[in-house]
Amino acid sequence: MMRTTMYKKTPYFFILPAYVVFLVFMFGPMIFSLIVSFFNWTGIKSPEFNGLDNLKGIATDSVFWLSVRNTLLYSAVSLFVVVPLSLLLALALDSPHLRGRLVVRAIYFAPIVTSTVAISQTFMMLFNTNFGLINRMLGVPIDWLGSRTLALVPVIVVIIWRWLGLTSIYFLAGLQGIDRELYDAAKVDGATTMQRFFSVTLPQLRPITFFVSMIILIGSMQIFDEPQILTGGGPSNATRSVVQYLYLRGFTQFRFGYASAIGLVLFIAIASFSAVQMRLRKESDL
Amino acid sequence: MRKLSRLSAGAWVMNIVVWVGGAFMLLPFIWMVSSSFKTTEEIFQPATFLPKSLDGGNYARLFSSWPFSRWIINSLIVALFTTLLALMITSLAGYAFAKFRFKGRGKLFAVLLSSTMIPFPILVVPLFVITSRLGMTNSLISLMLPFIAPPIGIFLMNQYASYVPNALLDSAKIDGAGDLRIFFQIALPIMVPALASLGIITFINSWNNFLWPLIAIRQELSMTLPIGMANMLTGVSAGSAPPYGPAMAASTLVCIPTVAIFLAVQKYYIQGLTAGAVKQ
Amino acid sequence: MKKCLSVLLVLVVGASLLMAGGAKEESITPKKGETVTIKMWTHDDLYRQFFQKRIDMMNENNPDYQIALDAQIMPNTITSLITASVAGEEMPDLIGVEQGWFPTLMEDSNVESFLVDLTDKIGDRYDDYVQGRWALYTHEGKIYGLESALTASVYYYQPAIFEKYGVAIPTTWEEYIAAGKELAEHGVKIGVMDNDASGIFSLMFLQRGGQFFDQDGNLVLGEGKNREAAIKVLDMLREALDAKALQVVLGNEFWGSTIPTAFSTGKVAGMVAPDWYNTSVLQPGVESMAGDWSVAPMPVWEDGSGFRTSVWGGTGFAITKSSKIKDIVWDVLDDAYMSLDGQLDRYKTIGFYPTMYEALDSPAITEEEHPFFGGQKIGAVFADVALETPPLWQSPARPFLLQAMVDNLPLFIEGKLSSSELVDTLVEITERDAQL
């Protein structure tokens, strides 16, 4: 069991560094950010209290809502494309019939550790109107990055490319955690491969699916690197994410109050998603 | 080959789909490396898969036209020290939570865990203000500090520390060893897999980090690789054609270490990622 | 725990409210044989090269003391300056200010506490330089920076294309549209339309005599003749777009390969652009087309409104208030940017056309034959119109207008916004955002 010590102070010394960092670089800033949300502050002169003006501004800021739409779109793609695809990929990677499994795994997992900047720059070239490989293969000069509707495509492609492996790692771990006896029992009952998938695999993967969905959702709501490099948020904000908008207001226009208020909205959104997740977990007893 | 013939039709389809998909996944890497050897004129021509020659001109230009070696050194320093500090801090805390009973333990741990919900982007404005008030802008230290006590790492360490047998700790105690010595000599060696997992993840995350350095670093010589690279294409002289070739050379060089580390020690990386998922 | 948090809170908020103290007025006079170091911040290495060259020359002729240059390259010198001042870090002596960043300093008149007012130092010599270039660094009537380039605009074109289809080189915008329609029938575009905030719309607008802001920094785009000018320009661009006479490039692709590729394949005949476009994009982009290009003055308006050229971009150099060697820095700046020799040397070293009338009239500029333009003396074209380089008045609200333009010009290009709707949108967004 738990170990008691004669030196009662020791555990506090052990956790002290973590808490100092935590307080100064996470919790403190969070409170700070909350407070600044109610100020008008350009960073040079003293902040001026302006109550709910920032939040009211956000409520009627069409660019903000456009960035929300884009971000939700990125989230939706991640949830409804990346998650199912990665489940299928994990099944394949787990299958004894897959040839060259180690190589395949390396290929699909490597994107996880690749620099977002490097890969976004590469995709920027792949999608280039004039000399990009994509247009070369399609045979038509499509202006991917310059069109308001099409510019979302390259961003989404990078998201799928980068996250597919990550989510399949989780699914793979989940698959490997399933008790083999469950399959054997199903086999004895005469279940086909398909039936076994639906009656054993899917239900057993429910907790992990849930977990993966939350990670993906929360991660995609904070997306920044990919659209920042690929399109800079343009054209006409068509690809700008919420975090990109926060960055624009905060660090190119020096509106710290307004940027913090955007952060506050983002935090509330993410925290409520997380809370809903915890609630659902408890209820379904996952 | 002999084995392939025994595959069922379904398995055939699966193999084909997975491998074709894999080819698509590889495509950007191939493109990146191939473009890094192309001259500017070659890049601006309709796409070809392979460069005309393996000319290292872009790589040479990378080091002569930009302070690329400085960026490498900066990135290395930041990633290494972030990793070392993170390992120290989280293993101490994780161990304390697992092996000591003290007042407020449960609450303190809960607060830490709940902080995983704080999205990093909302911290950038205050972090920028704090680091600049502390006179740490443009310093590599400001790039490390926010990441040296990852709550998820404390959680991981806590899990592993709880595997350390109490009997071992007690016998060391009886031999008169102090808490710190017990931690370093007995607990830490047992926690090595967790340290390896967290270390690799932290190093790679730090190496690739973009948003925070973009804000914290404003001088070319203090930049880390991702910022320097992004700056090559988007910033500096508005008005000159983007140096795609050198940018691809930079991308290639940036990806090599992380992909190599990952391939070498995949197991630890994956364990670190999934430790939270499966157990939770 | 609670106590701990509240203490921290007070600390953090308190620390943040501590404002940077005013810079102390100190000054160092170098002794004989000493070396003084000028710390310089710039976003482009070109400027370092040029200043280094001038300083080396000054050192040779200075028996008293020597000057060393310590240059830092950074993406945005002004945000760095503000950050450094807030953090109490070392500041530069000499700083390059891209004209688009100057407004950041105008807010709350911060420029007064950051940069040295150069108005008196410039003195009577004000009239010797292209008037429009002072406006970029002027705040409340005081000048804080010296401009590096003329940035006057001309029409770069491929004469062979015009010859082939029997189309005359347009001298007015009306002719330009007509020629554009004619060329469009052959699948060739006469020029380029972009969504850069300082791009073709801004160029044509300023040329027609429009101003986004007045001399006091108030937004006047939506008023009277400015609104009319903007709509007139936009209507003309609309007509050209509808006739498919312009190649559209959005976002970063303006600097990318789209335009050079379109030039070299003969799909685009030319482009209205400033002087620097020649040296930094056109020539490097279409190296193989040397000799196939010509320069004509920017088309004018048939009704005689406005100027014969326009401006796009620029970088000014300024001295910081915190510098302890202001006089020495001024000597360097004076030599490099205000002397005839400096202005000509700047053109020779980094390719920017002079802003000084005397330099512009020098044979080194007007008589130089450019092989890329088939031996044409293109300097004469610039010198000819330089007197009419329009000003661009600055405002703290300008960054918001620039962002609004980048964001909304694509909507205009697509036809989602009419000319008047675009102007109204720009005004509305700028007014709104500037107040945040």
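Residues numbered from 1 in each chain as written. Chains lettered and ligands numbered in written order. Predicted model: local features only at pLDDT ≥ 70, side-chain atom pairs only at ≥ 80, totals over all residues. Heavy atoms only, no water.

Description of the interface of chain A and chain C
Contacts between chain A and chain C engage 33 residues on the former and 37 residues on the latter. When the two sides are added together, the surface that chain A and chain C hide from each other amounts to roughly 3000 Å², 59% of it contributed by carbon and sulfur. Looking only at chain A, the three residues that lose the most surface to chain C are Ile44, Arg148 and Arg255 of chain A, adding up to 21% of its buried area. Counting across the interface, chain A meets chain C through 3 salt bridges. Of the charged contacts in the structure, one is a salt bridge between Glu414 of chain C and Arg148 of chain A, with a shortest N-O distance of 2.6 Å. Counting the contacts that link chain A with chain C gives 7 residue pairs in polar contact (both at pLDDT 80 or more). The set of elements that each furnish at least two residues to the side of chain A that touches chain C consists of α1 (10-36) and α12 (242-252) of chain A. In terms of residue count, the dominant contributor to the side of chain A that touches chain C is α1 of chain A (7 residues). Among the residues making up the side of chain A that touches chain C, the classes are represented as 14 nonpolar, 13 polar and 6 charged. (Contact = heavy atoms within 4.5 Å. Buried area = accessible area lost by both parts, 1.4 Å probe. Salt bridge = Lys/Arg side-chain N within 4 Å of Asp/Glu carboxyl O. Polar contact = N/O pair within 3.5 Å; in protein donor to acceptor, adjacent residues only side chain to side chain. Helix = DSSP H or I, 4+ residues; strand = E, 2+ residues; numbered from the N terminus. Nonpolar A, V, L, I, M, F, W, Y, C, P; charged D, E, K, R; others polar.)

Some details on the sheet that holds strand β11 (residues 294-297) of chain C
All names here are of chain C. Pairing is antiparallel across the open sheet formed by 3 strands, whose spatial order is β10-β7-β11. Here the strands that pair on one side only, and so sit at the sheet edges, are β10 (270-274) and β11. On average, each strand axis in the sheet is tilted by 35° relative to the strand beside it, whichever way the strands run. Sheet topology places strand β7 (residues 153-157) next to β11; 4 bridges connect them, and they run antiparallel. Across the sheet, the residue bridging to Tyr156 is Val295, located in β11. Of the strands in this sheet, β7 and β10 touch helix α12 (residues 275-285), which is tilted by about 115° from β10. (Pairing = 2+ DSSP bridges. Axes fitted to C-alpha atoms, helices over the stretch in contact; angles between N-to-C directions.)

Concerning the pattern of salt bridges
Any two side chains of opposite charge can pair, so long as their charged atoms come close to each other. Residues and elements named next belong to chain C. By the definition in use, this model includes 26 salt bridges over all chains. Residue Arg432 is joined to Asp433 by a salt bridge in which the shortest nitrogen-to-oxygen separation is 2.9 Å. A relative accessible area of 27% places Arg432 in the partly exposed class. Relative accessible area serves as the criterion here: at 7%, Asp433 is assigned to the buried category. When salt bridges that share partners are traced, they join Lys53, Arg54, Asp335, Asp341 and Asp345 into one network. (Buried < 20%, exposed > 50% of the residue type's maximum accessible area, 1.4 Å probe, protein only.)

What about the domain arrangement of chain C?
Note: interface size is frequently given as the accessible area lost on complex formation between the parts. Residue and element names in this part refer to chain C. One can read the domain layout of chain C as domain 1 (33-150 + 313-360) and domain 2 (153-311 + 383-434). Every contact between the two is made by 19 residues of domain 1 and, on the other side, 18 residues of domain 2. When the two sides are added together, the surface that domain 1 and domain 2 hide from each other amounts to roughly 1700 Å², 64% of it contributed by carbon and sulfur. It is Pro103, Met106 and Ala135 in domain 1 that bury the most area against domain 2; as a group they hold 24% of the surface buried on that side. Taken together, the links from domain 1 to domain 2 amount to 0 salt bridges. Seen at the junction of domain 1 and domain 2, the total is 3 residue pairs in polar contact (both at pLDDT 80 or more). Elements represented by at least two residues in the side of domain 1 that touches domain 2 include exactly α4 (102-106) and α15 (357-360). (Domains from an automatic or database assignment.)

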